[in-house]
Structure formats: C-alpha cells, structure tokens
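Listed below are the residues making up each chain.
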Amino acid sequence: MKFVISTKAILGVAFFTTLCLSPVIYAAPPDALAGKAKAQTCFACHGEDGISISPDIPNLAAQPPLSITYQLIQFRGQQRKGGAMEALAAPLSDQDMRDIAAYFASLPAPPAKSGNADQIAKGQQISSTQYCNSCHGPQLQGQKHIARLAGQSKEYLIAQLKNIRSGARIDMDGTMGSAARGLSDDDIDALAAYAASLK
Amino acid sequence: MKYNMKNSALHALMFAAGMVVVSVAGAQAPAAAPASGIPPTWAQGRTADGMNPALAPNPPGISAMPADEIPVSKLKVPAGFKVELWASGMPNGRSMTESPSGTVYVGTRFTGNVYAVVTKDGKREVKTIAKGLHRPNGVAFVNGSLYVAELSRIIRYDNIEQNLDSPPAPVVVFDALPKDEPHGWKFMRLSPDGQYLYFQIGTPANIVVQPVTHATIVRLNLKTNILETVASGVRNSVGMDFQPGSKELWFTNNGRDWAAEDKPGDTLNRLVRPKGMNFGYPFCHQGDFLDPEFGKGRSCEEFDKPVYNLGAHVAALGMRFYNGKQFPADYKGNIFIAEHGSWNKTQRVGYQVVRVVLDSQNKVVKSEPFVTGWLEGDKFWGRPVDVQMLKDGSMLVSDDETGAIFRVSYGK
C-alpha cells in the first residue's frame, strides 16, 4: 500500500514534469499508471525498473517520454527495425505509447557505468567537438524527442551509432546521420563509454 | 549524370576532410576543450552561444491526433470567415494538390506516406495510397497521374484516380537528384502550361558554400526529361506558386539559422526573369543582410532582392495566390503563406497563416495574420505547412503536427 502511494507520487511528479517540459500540447494527457499495466510485455527485456536484462537492449528508465514514443511510432511504421520491436509495437495505439513512455520516463535513471578513464575522456572530447549536448543536453540526459544517453548500455550505444552511420537505422531528420558519418569505430567506442559513464 | 558524380566526389572530399580533423582532435589531450575542428554539417554556422540545448529542434509531427481531440475551436479567422476541421488521420500530412475531380493528395516528410482525401456524398475519406517512400513531400497532379517528389527522385502513379484502393507501382520519372538529407525534401508545383514540374534543391546544410546544383529552384521538362536551373542562391524554398495572369513564379525562402534571433528573415520572392536570377545565398540574405562569415568581401548589390521580408525564423512554407470567387473581392490576387513556426528562437514566432496583399505594381501593401491559434504562449498544438485553394474558392490548410487539414470558407 505504502509502495503504491509512493509510486503514485513519483509518477505524479513525472507526469507534471513531462507536461511542463514538452513544447507540444496534447489533448489526452499520458497516464503513467496505465502505462505500467500496458508495459508488462516490455519488462521481460527492458526490466520493470527500466534497466535492461542484456547489454544489447536499451535501458528505458528516465528516457524523455517523447523519445520512447517516437521510437515506438517508428517501429510500428516499420521505419526503424530491430529486436522484434516492429511486431511488438504493431498493436499499440498512440495513447498506449504515450502511457508506456510516461511510465518508463518516471523511473529513476540508470546508474553511471565505470570504464577506462582515458577512453571516457576521449569520448567527452569528441562529444564536445560534435556538439552532442546541444540536443541531448548538458549531461546527455535527453530532452523532448531526443534520447537520454547518460547511463545507457555502452554496447547498445555502439551498435546504434554504427547503424546510424551505415544507414541501417533510420535517420529521422538527417542530423544524426551527419553527426555519425565522420566517426571512426574508436570514436564511437569512446563516445559510448563517455555517455555510459554519466548519470 | 557526370555532373552528379562530380558532386558526390566533392562531398566525399568534404566528409573525408571532416573525418581527418575529428580523429586528430580525438588523439589530442583528453581534457574537455572548446569545440574545435570541422563541425558536422547540421552544426555549421553555429557558435558556442548558439549551442543552447533549449533551442534543440521541435519534435516533428509523426502521429495523427484523433479528430475529436483536435481543438479546432481555438483557430481564429477574420470576421465573416469560418474555419473547420476538414480531414484528419494523416500522420505528418504536408504539401497538398487538388485533382480536377476534387481529390486532394497529401505528401509527407517523416512518415513516408502519401494520402488521398476523397469527398463522396459530402463525406470525406482518407486513403493511404503509398507507404515507405523516402520523404515524399512534393505532390502534383498531371493528366490523370500523381507525381510525387521524394528526396532524390520524382515518381509517378498513372491512372491514380481509378485506383486509389490499389494504386499501381510507381513509374520512376527522374532519379538523378542529390541525396543530401538536409533540406532534401521537396515542394513541387506544376507550371501553368502543364509542361514543367518546378521544385527546389535545398542547400545541404544551414550555411555552407553549396555545390552549384544546390540552393536552387529547378524545373523538369515532362516531355524531354531535361532538368534545368531557373533560380539560384535560394537557401530552401518549400512553397511556390504561379501568379494568375502574369504566370510568374513566386516562392518563399527560408533564411539561415544561428546568425541572430531577429535576422535574417524568411522571404517572399518573385522570378521576373525566367533564368539567371540569384537570390544571394550563402553570401547575402533577405536582400540586405551580408552573411557574417560568407559575406566578407561581397555586397548585397550583386544579387536579386526578395519582394518582402516575412520575419526571422517564422518558417514560411507553402504559399498560394488567391484567385477564387468565394472570399471578398479585396482578397483576389492576395498571397496566403503557411508559417510552420520557429524552433531555434527563444520567443516562438510563426505558427499561423498570413495574408499578403499586393498592389497593381506587385508591391506588398500589407501582411497580416489570417489564421492563428496554433500557438498558445510558448506551446503549440499544431503547425501549418501548406495552403491549397479548392475549386469552390475555399482554402485548405495542412498541419503536420495534428495530421489534419482545416478548411477556411467565407459566408453562409
């Protein structure tokens, strides 16, 4: 009972924050409690706490809600593919997606990952040169429809940057494509190590 | 073809140069230094103080709002006019064209769909006639065929009106266009004589010395399949129309970003010579604003001037002349322009349809808001992209945030 109340309080705060930060006005507000119920299928891989069970699966905890919604919409439309997500997203309505996103967004952020200090420092340098923070935020915490990178699985980040670089993953507006195009494999490893080390 | 290959070679060089610098930077001392090296194309022209994360792009509209949730009552039009929800359920619906039978075709930028809106017995039905296209933003209807401008090619659906429920496979009309993603989506318009498709090839970055193919308006001869440039120095035009009577091409142009919050402006332009006009990009913007970087040693007097400055960052997109009979007489010959609205500006602007009134000399007499209400303080619920005059004299406005089309009518 106590647990339920505190969850409700957390979700309430998250919901409030979500409303305030988004520049877009939606008619039907997202419902994180309903989202938790709708997200049962997600938990097997992404975890009830939004921390994934495997390094090749992304953590969803504390992702900006729109970043989850946007990826789900693109999986449903088969514009983005991978991890059987196209099939899992197929039956979801827009409102389902907003609710699920609100739930994962409300969870505490994943812990910072330790790593090779030199590699992390190199990643920070590249992040600065490439202006990652101008969209992903000062601590790469994500915002609007733009993903949280802080505390994300390093292996997942590496795979996605390589997919964006090769064109295997959809590049929504050309920005990430042009950002990833000039990165070497070593650069990508360093960037991923840096992002994973943030909280 | 040869031309295109040269072009990609040039790009390959540019990217190779960028890569070298990046890896050199990566090998340097690991301390977090100020940004150095060649930034990615999307970041060119930005300075450190323009890297404010609060000014990151707006989330693009990629889903459709349910019809009963669209707050159409918030839209405001002048007295005597009426605005209503006309069609919905078209994720990212953008550019529009009307066929002679009254079907309205709608292109998209992010969802890869093309829609057809059919009116039958007073009811409207939305059909998704194409999926999985690459940025099919431009649509034009020619002799029973729907032409679609994707990012790097023009395709055609023959006998489309008879086959809306099972469209034929498209015929590729022209596929040698540049593949750059930035400003690669197209607005397309059929010339009054039915001979040419006009569309833009936008500049492949915010501000850059572009290849000569880019920052242009071109036209494709439908008989010979020859592509020719009709205007250059046009950063990115996502709206154009031919003036009734004069048949001149008029077009909107989006100004560069990150120079300042209040300049340069988006512009309304007029093609008074069929070829050879240069509107200044990347050297001069809005006819009188030298680029802080590329304008050095240049003069705005070298270039052709816009007709009108629409304001900075309003994102002036679709435009049409009003030549119908339904609106009051003083609306005849006016231009309506959809302003998609700003993103990298602290105080949002645009998010409206404006009316531009010309005198008999084609000088702008005034410009005023015509449809407003999508923007509420610092938040928006919709973003107008294109306007389309229907045969009955009413006007459609597409909105890619709600995936809906609104209709503005007068009287009754």
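What counts and what doesn't
Sequence order as written defines residue numbering, which begins from 1 separately in each chain. Here the convention is simple: chains get letters from A, ligands get numbers from 1, in the order in which they are written. Local features in this predicted model are restricted to residues whose pLDDT is 70 or higher, and side-chain atom pairs enter the listing and the counts only when it is 80 or higher, whereas totals over whole chains, interfaces and linings include all residues. Secondary structure counts use DSSP, requiring at least four H or I residues in a row for a helix and at least two E residues in a row for a strand, with both numbered from the N terminus. Note that the radius of gyration is over C-alpha atoms, with the globule rule given as 2.2 Å times the number of residues to the power 0.38. To assign burial, the other C-beta atoms lying within 10 Å of each residue's own C-beta are counted, with C-beta atoms placed from the backbone; 20 or more indicates buried, 12 or fewer indicates exposed, and intermediate counts indicate partly exposed. Residue pairs are scored as contacts if the distance between their C-beta atoms, which are placed from the backbone, is within 7 Å. We define a nonpolar core as a collection of buried residues of the types Ala, Val, Leu, Ile, Met, Phe, Trp, Tyr and Cys that are connected via C-beta atoms lying within 7 Å of each other. One less than the number of residues in a helix, times 1.5 Å, gives the span that helix is expected to have. Classes in brief: Ala, Val, Leu, Ile, Met, Phe, Trp, Tyr, Cys and Pro nonpolar; Asp, Glu, Lys and Arg charged; the others, Gly included, polar. pLDDT expresses, on a scale from 0 to 100, how confident the predictor is about each individual residue. Note on pairing: DSSP must find at least two bridges between two strands before they are called paired. Between N-to-C directions, angles cover 0 to 180 degrees, with each direction set by a line fitted to C-alpha atoms, over the stretch in contact for helices. Roughly parallel means an angle under 35 degrees; roughly antiparallel means over 145; roughly perpendicular covers 65 to 115; every other angle is labelled oblique. Each crossing gets its handedness from the near helix: less than a right angle anticlockwise from the far helix is left-handed, clockwise is right-handed.

### Details of the overall build of chain B
Within chain B one finds 1 helix and 29 strands. By the compact-globule yardstick of 22 Å for 412 residues, chain B fits well, its C-alpha radius of gyration being 21 Å. Counting only C-alpha atoms and orienting by the principal axes, one finds that chain B spans roughly 70 × 45 × 45 Å. Scored against the burial criterion, the 412 residues of chain B give a buried share of 49%.

### Some details on the overall build of chain A
For chain A, the count of helices and strands is 11 helices and 0 strands. Its helices and strands taken in sequence order, chain A reads α-α-α-α-α-α-α-α-α-α-α from the N to the C terminus. Buried residues in chain A amount to 53% of all 199 residues. Long-range pairs, those at least 24 residues apart, make up 73% of the contacts in chain A between residues at least 6 apart in sequence.

### Observations concerning the environment of glycine 287 of chain B
Residue and element names in this part refer to chain B. Relative to the helices and strands, glycine 287 resides in the loop between β18 (284-285) and β19 (289-290). By C-beta crowding, glycine 287 is classed as buried, having 20 other C-beta atoms within 10 Å. For the pair glycine 287 and glycine 265, spaced 22 residues apart in the sequence, the C-alpha separation amounts to 9.6 Å. Once you skip the residues sitting within four places of it in the chain, glycine 287 turns out to touch Cys300, Lys305 and Pro306.

### Considerations on the nonpolar core
With 84 residues, the main nonpolar core has Leu197, Ile337 and Val397 of chain B as its most contacted residues. Counting 30 residues, the second-largest nonpolar core is a separate cluster that includes Leu140 and Ala180 of chain A together with Ala43 and Ala205 of chain B.

### Section: helix α7 (residues 117-129) of chain A
All names here are of chain A. The end-to-end C-alpha distance of α7, which contains 13 residues, comes to 19 Å, matching closely the 18 Å that a straight helix rising 1.5 Å per residue would cover. Buried within α7 are the following residues: Ile120, Lys122, Gly123, Gln124, Gln125, Ile126, Ser127, Ser128 and Thr129. Two residues or fewer after α7 comes tyrosine 131, characterised by a positive phi angle close to 55 degrees.

### Let's talk about the interface of chain B and chain A
Each partner contributes residues to the interface: chain B has 40 residues there, and chain A has 44 residues. If you list the elements that add at least two residues to the side of chain B that touches chain A, you get α1 (2-27) and β26 (379-380) of chain B. A breakdown of the residues in the side of chain B that touches chain A according to their chemical character gives 25 nonpolar, 10 polar and 5 charged.

### Side note on the confidence of the model for chain A
One rule of thumb: low pLDDT means the predicted coordinates there are not for detailed reading. Summing up the model confidence of chain A, the mean pLDDT is 89 and the portion of residues at 70 or higher is 87%. When the elements of chain A are averaged for pLDDT, helix α1 (residues 2-21) of chain A gives the smallest value, 44, and helix α11 (residues 185-196) of chain A the largest, 98.

### Description of α11 of chain A
Over its 12 residues, α11 of chain A runs 16 Å from end to end, which matches the ideal 16 Å to within 8%, given 1.5 Å per residue. Along α11 of chain A, 10 of the 12 residues are buried, which leaves the element largely enclosed by surrounding structure.

### Quick look at the sheet that holds strand β3 (residues 104-108) of chain B
All names here are of chain B. An order of β2-β3-β4-β5 is seen for the 4 strands of this open sheet, with the pairing classed as antiparallel. With partners counted over all chains shown, the strands left at the sheet margins are β2 (93-98) and β5 (123-130), one partner each. Ignoring strand direction, the axes of neighbouring strands in this sheet form an average angle of 25 degrees.

### Things to note about the pairing of strand β12 (residues 216-221) of chain B
Residues and elements named next belong to chain B. In the sheet, strand β11 (residues 196-201) pairs with β12 via 6 bridges, with the strands oriented antiparallel. In the sheet register, phenylalanine 199 faces β12, and the bridge partner there is valine 218. Summarising the sheet, β12 and strand β13 (residues 227-232) pair through 5 bridges and their orientation is antiparallel. Bridge assignment links threonine 216 to a residue of β13, and that residue is serine 232. From the end of β12 to the start of β13, which pair antiparallel, there are 5 residues, and asparagine 225 there has a positive phi angle of about 65 degrees.

### Description of unusual backbone geometry
Residue and element names in this part refer to chain B. In this structure, the amide linkage connecting lysine 263 to the following residue, proline 264, adopts the cis form with an omega of -5 degrees. Within the secondary structure layout, proline 264 lies in the loop between β15 (249-253) and β16 (266-271). Tyrosine 281 connects to proline 282 through a cis peptide bond whose omega is 0 degrees. The phi torsion at histidine 313 lies on the positive side, around 70 degrees, for a residue other than glycine. Following the sequence through the fold, histidine 313 ends up in the loop between β20 (308-311) and β21 (316-321). You can call histidine 313 buried: it has 25 C-beta atoms within 10 Å.

### Focus: the packing of helix α9 (residues 154-166) of chain A against α11 of chain A
Residue and element names in this part refer to chain A. The geometry of α9 relative to α11 is characterised by a closest axis approach of 9 Å and an angle of 140 degrees between their N-to-C directions. The angle between α9 and α11 falls in the class oblique. For the pair α9 and α11, the crossing hand works out as right-handed. Residues Lys154, Leu157, Ile158, Leu161 and Lys162 of α9 form the contact with α11, whose participating residues are Ile188, Asp189, Leu191, Ala192, Ala193, Ala195 and Ala196.

### Some points on the confidence of the model for chain B
Residues and elements named next belong to chain B. Residues with a pLDDT of 70 or more make up 91% of chain B, whose mean pLDDT is 91. Segment residues 1-36 is flagged for pLDDT under 50; beyond a separation of four residues in sequence, or across chains, it makes 45 contacts in the model. What the predictor reports for the complex is a pTM of 0.89 with an ipTM of 0.84.

### Here's the deal with the packing of α7 of chain A against α11 of chain A
Residue and element names in this part refer to chain A. Running from N to C, α7 and α11 point in directions that differ by 100 degrees, and their axes come no closer than 7 Å. Overall, the two elements α7 and α11 adopt an arrangement that is roughly perpendicular. Contact residues: α7 offers Gln119, Ile120, Lys122, Gly123, Gln124, Ile126 and Ser127, while α11 offers Asp187, Asp189, Ala190, Leu191, Ala193 and Tyr194.

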